[in-house]
Structure formats: C-alpha cells, structure tokens
2 protein chains.
Amino acid sequence: MGKRGVRLSREAIVGRAVELADAEGLAAVTIRRLAQENAVTPMAMYWHFDDKDSLLDAMAEHLIASVDVPEPTDGPWDGQLRAILAALLAALRPHPAVAGLASARVLATEPGLRLAERVLELLGRAGLDTRRAAEAAMFLVSSVIALVTAAPADRRGPEDEEDAVRQRKARLQALPPSRYPHVVAAAPELANCFDRDGYFDDNLDLLVRGVHGIA
Amino acid sequence: MGKRGVRLSREAIVGRAVELADAEGLAAVTIRRLAQENAVTPMAMYWHFDDKDSLLDAMAEHLIASVDVPEPTDGPWDGQLRAILAALLAALRPHPAVAGLASARVLATEPGLRLAERVLELLGRAGLDTRRAAEAAMFLVSSVIALVTAAPADRRGPEDEEDAVRQRKARLQALPPSRYPHVVAAAPELANCFDRDGYFDDNLDLLVRGVHGIA
DNA sequence: ACCTGAACACCGTTCAAGT
DNA sequence: ACCTGAACACCGTTCAAGT
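Keep in mind it's a predicted model, so treat the numbers as computed, not measured.

J.: What am I meant to see in the relation of the copies chain B and chain A here?
T.: Both copies of the chain are tied together by a single rotation about an axis and a shift running along it. With an RMSD of 0.0 Å, the fit of chain B onto chain A corresponds to turning through 180 degrees and sliding 0.0 Å along the axis. Both copies are brought into coincidence by an operation consistent with a two-fold rotation axis. Closest approach to the rotation axis among the C-alpha atoms of chain B is made by G210(B), whose C-alpha sits 1.8 Å away.

This is the structure in structure tokens:
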C-alpha cells in the first residue's frame, strides 16, 4: 500500500510520469523511480501496466486526450484546420519530452481518432482526394509534433536557458563568414527561435498554406 | 585487442551502431552490445567515446554527413529547395530509427551547417526576411525528419510489414462509421501511406508550396 | 595509445507468495 | 484486487591496472 494509504491508479501514475518527464526528461521515467515516488514496490506497477511500453502508450494517450479540439463551425476550412493544429500544438508544447511518443499513436487512441477525423474532413473540403488527404493528415500531425520536439533538449532550469541561447548564438557567430554567410547572419534568430511564439505561429501558417498549395 | 587483431576505430563503431539500430532498433544500440560485436571489453568503448551520448552524437553526424547536397544552380529557388530536402530525405529514409537523433544536432555538425547555409540562402531568395528564414529552415529540416520517423516503429522483418498494414487497416475499418466516417473511408490509405513514395513526394511538395505561401 | 578486470549503482521483468 | 520479496539478466560508468 502506498504513501498515506492512497491506492495507486493508472491515472495517478501516468500523471506523475508526465510530470517527471517534464522536469527531468523521458529517461528519468522509470518503473522503479515511479514506484519509489509512490512509496510502493516496483512490481506494484505491473499490476497497473503490462510493461513499460504500455506505460509510455498511456502517457501518449494522456497528452492526446488533453487536446481541446475546437467544435466545427461553418467558417472556411483553412481557418478551422489552423485552429485544430494550434490546439494540438498548445496541448503538446508544455511537454516536449513526451510529445514524441504521440506521433506513432494518434490513430490508436480515441481522442487521436477524433482529431484525425476532423482533419480528414477539412482536407477533403480543401479539395484533396482520399489518398492525398490521408497522407497530408498524417504528415500535418507529425509536423506539429516536430515543431514541439525539435527544440534542443535542454536538461536545465528555465533561467539557464538564456545562457544556452547565448552560447548557441556565440558558437554560430564564431563560424567563418566566408563559408557560412547566411548562418552567421542569422545566428541570433537560429539560436532562439524555439523560444519565440512566432516560430510556432509562422510555421503553422506555412503548413496551412502548403495545403492550399497542393489542393 | 579485437577480433582478428583489427583495431577499433570511431568510424567502424559508429557504422556498426547504425546497422544495429536499423536492424533491431535504437534500444539495441548499447555500449556493451557494441563491445561484444567487436569482440572487445565494454570499457574499450570509452577510449573512443566520452560516453554513450557522444556515441549517439556521432551516429547523428554520420547520417547528416551522408546527405548528398546538390550543387547550387541558377534555377529557381523552389526547385533547388525541393532538391535539397529530397536529398536529406533520401539519406535519412534507410535509417528511421536513427533519424530522430539528427534534428537537435544539425547546427552542431559541419555537414549540417552546409545544409542549413544552402537552405537559408534559398529562403532569402524566396523573399523571407532573416528571422522568418531561420524559423522556416529549422522547421523544414525537422519536418523532413518527422516524415521519416513518423512511420509506426515496426520491430519486424520486411515481410511481416504487410501483415502489419493489413492489421492496421482492419482496425480502422472496424471503427463505427457514424463517428469516424472519414477515418473509415480512408483506412487503406492511412494504413499504408508510409510505404508509398507518394507520401514523401506529396509532403515535400506541401512544404515547398508552404514556403511559397508565406513569402 | 589502446585495452582489460573488477566493481557500483542502476535498469525491466518473472515468478511465487502474501492479504 | 492489489501488493511484496527475492532473483535474473541486463544497463552505463568509474577507477586502477596492464602492455
């Protein structure tokens, strides 16, 4: 029996696992560590989950379930598609260490299917045939996840992040400008783009405009 | 001393590590396993690499170095951009288990910087200012990597892959069509899109057209 | 310069058992 | 239904030592 007599539950374990991943990275999420956090034996976890992989599945589903998919409107497809992708982004962004788990599992969870259904419908309205819509839907979801996970994995506190940005910038600016003129010129923007909201907004635009382009 | 008196080398170890990841997944890439494959003690690895993380760095750099970046031409920017992204894709596609390591390390390797330099130059020619070009360049590279890594990680042989596709299709087609009409209708396309060249070609187009759209 | 040997603190997982 | 205890086969890594 766990701490203060509180029974374990799948939900509680998954929630703690996501917190752990946010704070210390996915590598810190360990059967034994999670057991310890809940003042319980490692083997107690195996009553709630078949194995570690199904724990990771549950973490991914937890994230996908937290997406607040906006209700359909009678507005144009592109605005609605953008809103759905933005909702996915908003749900994943606080959890960059976990987001990568979601990409392979969207079609295996109920909330993921609801999301896919909406995206497919809008892509059809945009003029894509079934195959192109399927391809684009999978890719759009993958890309939004990539938007979140691409940030260089910093295992530091939020204030050391500023140091990391400065250091990346300095490294890029120290490159030979004759070989890498554009990289050197764009060093400040390359070093901190993952911290700016514009990075996410502009690239969501790129994706939606891309759908326009192939429709 | 290793098998048949052959000295270890960083290159040989990295090459074997990539092969291992291709065949059995990234989780199979282990200091101890790699040592065993080279008929050597695990600690021998630590003469060639600081730690496991620098081994993974080296694997990522190995992949990025294998990108055959096409020479600049005086053709239009969009065709050249597409060709560069296609070259990146072609290099990563045989190594889906390793490709994910590359996204955080592009700007930390020499071949990655060459690639970034070319992409930034072309995005500038497309009309993006320095900041938008930097954002888009990082995202385009991330997205191409996502294109490769998004495929559901099958740890099976190439012929069991057909079974996996059939099974995914059956699962999607068994869903209630009243709730998920578009998913059910697109089940065949959703289940096998990662195996079709069109998936990659069409989504490269989506990205390039997206740049057109925001320029 | 390149590698070995022994040891340490971790993993995931199985199996039998307790209440 | 929910959890413990002991055990097994793995990890990455350090430290001292060999040639």
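J.: Looking at this structure, how should I read the protein's contact with DNA strand C?
T.: In the vicinity of DNA strand C lie 16 residues, with R32(A), K52(A), T41(B), W47(B) and H48(B) positioned nearest. When the atoms of DNA strand C within 4 Å of the protein are grouped by moiety, sugar and phosphate amount to 64% of the total. One of the backbone nitrogen or oxygen atoms of K52(A) is found 2.9 Å away from a phosphate oxygen of DNA strand C. Taking T41(B), its main chain carries an N or O atom lying 2.8 Å from a phosphate oxygen of DNA strand C.

J.: Help me understand the UniProt feature "domain: HTH tetR-type" (unreviewed entry) in chain A, please; the structure alone is not making it clear to me.
T.: UniProt records the feature "domain: HTH tetR-type" (unreviewed entry) at residues 7–67 of chain A, using the numbering of this structure. Split by type, residues 7–67 of chain A is 66% helix and 0% strand. Its first and last C-alpha atoms lie 28 Å apart.

J.: Got a minute to help me understand the environment of A90(A) in this structure?
T.: Of note, A90(A) is situated in helix α5 (residues 77–92). Between the C-alpha atoms of A90(A) and R209(A), which are 119 residues apart in sequence, the distance is 20 Å.

J.: Where do I start with the interface of chain B and chain A in this structure?
T.: Where interface size is quoted, it is often the accessible area lost as the parts come together. Listed per partner, the contact involves 51 residues of chain B and 51 residues of chain A. Taking both partners together, chain B and chain A bury about 4600 Å²; carbon and sulfur atoms supply 70% of that area. Joining chain B to chain A, the criterion identifies 8 salt bridges. One salt bridge in this structure joins E110(A) and R179(B), with 2.7 Å as the shortest N-O distance. Applying the counting criterion to the chain B and chain A interface returns 13 residue pairs in polar contact (both at pLDDT 80 or more). Along the lines of polarity and charge, the residues of the side of chain B that touches chain A split into 29 nonpolar, 8 polar and 14 charged.

J.: Can you help me understand the packing of helix α8 (residues 130–149) of chain B against helix α12 (residues 197–214) of chain B in this one?
T.: A pair of packed helices can be characterised by two numbers: the angle between their axes and the separation between those axes. Residues and elements named next belong to chain B. Following both chains from N to C, one finds α8 and α12 inclined at 170 degrees, their axes separated by 11 Å at the closest point. The angle between α8 and α12 places the two elements in the roughly antiparallel class. Where α8 approaches α12, its residues R132, F139, L140, S143, V144 and L147 are matched on the opposing element by Y199, F200, N203, L204, L207, V211 and I214.

J.: Looking at this structure, how should I read the protein's contact with DNA strand D?
T.: For DNA strand D, the set of nearby residues contains 16 residues, the closest of which are T41(A), W47(A), H48(A), R32(B) and K52(B). Sugar plus phosphate: this is where 64% of the atoms of DNA strand D within 4 Å of the protein reside. Contacts to DNA strand D include Y46(B), whose side-chain N or O atom sits 3.0 Å from a phosphate oxygen. Interatomic distance of 2.8 Å between a backbone N/O atom of K52(B) and a phosphate oxygen of DNA strand D. Grouping the amino acids of the surface near DNA strand D by side-chain chemistry returns 9 nonpolar, 3 polar and 4 charged.

Parameters and conventions
Residues numbered from 1 in each chain as written. Chains lettered and ligands numbered in written order. Predicted model: local features only at pLDDT ≥ 70, side-chain atom pairs only at ≥ 80, totals over all residues. Heavy atoms only, no water. Least-squares fit on C-alpha atoms with pLDDT ≥ 70 in both. Near = heavy atom within 4 Å. Polar contact = N/O pair within 3.5 Å; in protein donor to acceptor, adjacent residues only side chain to side chain. UniProt positions renumbered as here; feature names shortened; annotations may be inferred. Helix = DSSP H or I, 4+ residues; strand = E, 2+ residues; numbered from the N terminus. Contact = heavy atoms within 4.5 Å. Buried area = accessible area lost by both parts, 1.4 Å probe. Salt bridge = Lys/Arg side-chain N within 4 Å of Asp/Glu carboxyl O. Nonpolar A, V, L, I, M, F, W, Y, C, P; charged D, E, K, R; others polar. Axes fitted to C-alpha atoms, helices over the stretch in contact; angles between N-to-C directions. Parallel < 35°, antiparallel > 145°, perpendicular 65-115°, else oblique.

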